[in-house]
Amino acid sequence: MAEAQVLTPVETANRLPVPAMGGRFAPVQQFIRQPAVQRALPAIATSTAIGIAALAWFMTSAAPQTQLFAGLDDADKAAVADALQTQGIAHSIDPATGALTVDADKLYQARIALAGQGLPRAQPSGDSLIAALPMGSSRAIEGETLRSAREADLSRTIETIDAVRSARVHIAAAEPSLFVRDDKPATASVMLTLQNGRSLSEGQVQAIRFLVASSVPGMNADQVQVIDQRGALLSDGATSGDMKAFQLQTQIEDRFRRALETLLGPMLGAGNYSVEVHADIDMSESQATRESFPENDRALRSEQVTRTVSGQGTPPAVGIPGALSNQPPPATTLSQAPEAAPAGAPAASTQSNENAARAYEVGREISVTHSPQGRLRRVSVAVALNQGQKALSQGDIAKIDGLVKGAIGYDQTRGDMVAISQRPFAKVEDSAPAFYDQAWFLPLVKQAGAILAALLAFLFVGRPLIKAAKARTAARAERDAAIEESLLAATESGPALAAPDAQRANREITLEMIEAAPSYEARANLVRAFVRQDSQRAALVVRQLMQEAARG
């Protein structure tokens with residue numbers, strides 16, 4: 001039976017699988033082969049995977065953004081964006097609102113950097129303009145500066161309104177004249193830039209006009225004109241009859257619609273009915289004056305009666321002498337015989353004349369009729385009912401019709417109309433955006449990408465490192481076991497064995513074997529075996545080492 005070949009520790013170590021590395025990486029190989037490093041390799045691999053995952057997370061996740069300045073115009077945004085790019089501060093512009101945003105942790109850094117460059121170029125206040133007025137300036141310059149300061153303060157005041165993003169005020173005031181007839185009132189114009197989707201009501205426009213007029217001496221609110229960024233004249237629209245008619249019509253329709261919704265909501269439920277109201281408003285204004293005289297309606301106001309009584313004797317001669325007018329008139333012919341005169345009385349005749357002047361007051365009626373604007377001419381209401389699983393009966397529809405007529409004040413003579421129809425409502429499809437357009441989708445993709453990157457790093461980096469570490473640990477254990485077996489075989493065998501001298505020489509432990517030991521445990525075992533093998537030589541080696549240490 002052939003004797004099993006006994007390998008030396010060096011031969012055993014040379015036959016174990018050791019990663020081949022060049023001479024350049026020999027220090028790294030020696031460092032990795034240390035026992036402490038071998039035991040820490042799994043922890044190092046896990047920490048590396050976690051670090052790669054964290055790096056992927058920070059690279060894919062965006063920092064929270066915050067708005068830098070509110071209410072900037074496009075020119076200021078362009079200047080601010082250029083300044084931020086020069087300073088190396090990342091920024092972005094929201095495509096929906098147009099707001100310029102930066103990272104939340106760099107907000108104040110960006111503001112300080114922009115303030116150093118005088119950005120944004122906000123409109124100066126009136127106090128700063130007056131303070132910057134140089135000494136010794138002329139009266140004209142002082143007047144223009146004061147006017148500019150007043151315009152700046154008015155603009156800043158108007159900008160405090162919620163719907164106004166920016167405002168510019170221009171005041172035109174003529175020089176005061178010594179003659180009153182030559183004085184011209186001051187005028188002003190206001191340019192407003194409104195917020196997106198916002199508008200000013202009639203009351204707000206009037207308030208702006210009165211604000212400007214009250215701030216300038218001698219100015220009337222009618223002399224202030226207000227326009228917006230689209231060039232629409234808001235001050236004219238505030239007094240236009242068409243705008244008033246539209247607003248009045250809208251208010252009346254809204255009032256009727258709210259009344260119907262309040263009435264039908266508890267009965268039918270939300271979404272089971274639809275109401276539309278149209279109000280016809282008469283905005284014409286008329287004024288009529290009528291004067292009439294009633295028939296047979298008069299009253300005696302004054303009366304004057306004159307009565308004259310004269311006798312029938314021979315009239316005296318009158319006229320111009322020598323003319324025919326001096327001839328006596330002819331005798332009077334009586335149709336009936338006069339009454340006999342009393343006895344002893346001379347015969348005579350009398351003549352009476354009576355004139356009456358009467359003044360009457362004739363009856364007169366004056367009627368003034370004035371029809372104001374905003375008269376409700378007609379109301380039309382349309383109600384659509386949702387026909388569910390069970391349709392409403394004609395009696396129920398008639399009851400609803402009566403309620404609708406009562407809610408709007410139905411007047412048949414006025415021509416009001418109420419139409420009620422019952423039909424199944426079409427199902428409105430959900431027009432929600434796709435899931436990939438939702439706000440939560442992109443952050444979720446980033447998080448999933450970071451987790452996937454961590455898993456890939458663990459599978460392709462951490463796991464091979466752990467397997468290599470386990471393989472090296474197992475190889476080292478096998479190598480140490482083989483060395484221990486060879487050491488035991490070398491120490492137990494003595495000179496009485498019948499083995500050849502060459503085999504015994506291979507079993508002897510030398511200093512080269514101790515120096516080539518792969519680990520501390522193997523080297524300690526070799527040292528112990530070397531001492532047991534040749535104690536005198538070991539003592540000499542120890543003494544030599546001590547002497548070298550004492551010399552050096």
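All of these numbers come straight from a predicted model, not from anything done at the bench.

A.B. asks: Report on the sheet that holds strand β7 (residues 273–282), specifying residues and quantitative values.
C.D. replies: If you trace the three strands from one edge of the open sheet to the other, you get β7-β12-β13, paired in mixed fashion. Only two strands of the sheet have a single neighbouring strand rather than two, namely β7 and β13 (417–423). Between one strand and the next, the sheet's axes are offset by a mean angle of 10 degrees, whatever the strand orientation. Taken together, the 10 bridges between β7 and strand β12 (residues 375–386) define a ladder with antiparallel strand orientation. Within the sheet, the bridge partner assigned to Val277 lies in β12 and is Val381. Against the sheet, helix α11 (residues 394–408) engages β12 and β13, with an angle of about 145 degrees to β13.

A.B. asks: So what's going on with the side chain of Ser155? Which residues, and what values?
C.D. replies: Of note, Ser155 is situated in helix α7 (residues 139–158). Polar contacts involving the side chain of Ser155 include one to the main-chain amide nitrogen of Val169, which spans 3.3 Å.

A.B. asks: Now, about the environment of Gly98: what can you tell me, with residues and values included?
C.D. replies: Position of Gly98 relative to the elements: it lies in the loop between β2 (91–93) and β3 (100–103). With residues up to four places along the chain from it excluded, the contact list for Gly98 reads Lys77 and Ile93.

A.B. asks: Please give an account of helix α8 (residues 202–215) that cites residues and values.
C.D. replies: For α8, built from 14 residues, the straight-helix expectation of 20 Å at 1.5 Å per residue is met to within 8% by its first-to-last C-alpha distance of 20 Å. Inspection of α8 places Val205, Ile208, Arg209, Val212 and Ala213 among the buried residues, and these make up the whole buried set. All buried residues of α8 fall inside an arc of 125 degrees around its axis, so they share one side.

A.B. asks: Could you give an account of helix α15 (residues 520–533), with specific residues and numbers?
C.D. replies: Between its first and last C-alpha, α15 extends 20 Å over 14 residues, near the 20 Å set by a 1.5 Å rise per residue. Residues Ala522, Asn525, Leu526, Ala529 and Phe530 constitute the buried set of α15. Take α15 and look down its axis: the buried residues cluster within an arc of 140 degrees, on one side only. Turned more than 90 degrees off the buried face of α15, the exposed positions are Tyr520 and Arg532.

A.B. asks: Outline the layout of surface pockets, supporting the account with residue identities and numerical values.
C.D. replies: Counted as a void, the largest pocket has a volume near 640 Å³. Tallying contributions element by element places α7 first for the lining of the largest pocket, with seven residues. Tallied by class, residues from the lining of the largest pocket come to 10 nonpolar, three polar and eight charged.

A.B. asks: Talk me through the nonpolar core; I want residue IDs and the actual numbers.
C.D. replies: Within the largest apolar cluster, 23 residues are counted, with the highest numbers of intra-cluster contacts made by Ile158, Val190, Leu192, Leu200 and Met219. Elements with a minimum of two residues in this core: α7, β4 (164–172), β5 (187–194), α8 and β6 (224–227). Residues in contact with Val190, not counting those within four places in the same chain, are Ile158, Arg168, Val169, Ile208, Val212, Val224, Gln225, Val226 and Ile227. Counting residues in each nonpolar core, the second largest holds 18 residues, with Leu260, Leu264, Val275 and Ile281 among its members.

A.B. asks: Residues and numbers for the environment of Ala149, please.
C.D. replies: As for its placement among the helices and strands, Ala149 is situated in helix α7. Judged by relative accessible area, Ala149 falls into the buried class, the value being 3%. Residues Ala149 and Ile130, 19 residues apart in the sequence, show an inter-C-alpha distance of 6.8 Å.

A.B. asks: Residue-level account of the sheet that holds strand β1 (residues 65–67), with values.
C.D. replies: Taken together, three strands build an open sheet; the order of strands is β1-β3-β2 and the sheet is antiparallel. Both outer strands of the open sheet, β1 and β2, are each paired with one neighbouring strand and no more. Across this sheet, the average inter-strand angle for adjacent strands is 35 degrees, counted without regard to direction. The pairing of β1 with β3 spans three bridges and is antiparallel. Note that in β3 the partner of Thr66 across the bridge is Val102. Sheet contacts for helix α4 (residues 74–87): β2 and β3; angle to β3, the most-contacted strand, approximately 20 degrees.

What counts and what doesn't
Residues numbered from 1 in each chain as written. Predicted model: local features only at pLDDT ≥ 70, side-chain atom pairs only at ≥ 80, totals over all residues. Heavy atoms only, no water. Pairing = 2+ DSSP bridges. Helix = DSSP H or I, 4+ residues; strand = E, 2+ residues; numbered from the N terminus. Axes fitted to C-alpha atoms, helices over the stretch in contact; angles between N-to-C directions. Contact = heavy atoms within 4.5 Å. Polar contact = N/O pair within 3.5 Å; in protein donor to acceptor, adjacent residues only side chain to side chain. Expected span 1.5 Å × (residues − 1). Buried < 20%, exposed > 50% of the residue type's maximum accessible area, 1.4 Å probe, protein only. Arc of directions from axis to C-beta. 1 Å grid on protein atoms, 1.4 Å probe; cavity = no way out; pocket = protein on both sides within 12 Å on 5 of 7 lines; lining within 4 Å. Points joined across faces, edges and corners; volume = space filled by probe spheres on them. Nonpolar A, V, L, I, M, F, W, Y, C, P; charged D, E, K, R; others polar. Core = buried A, V, L, I, M, F, W, Y, C linked by side-chain atoms within 4.5 Å.

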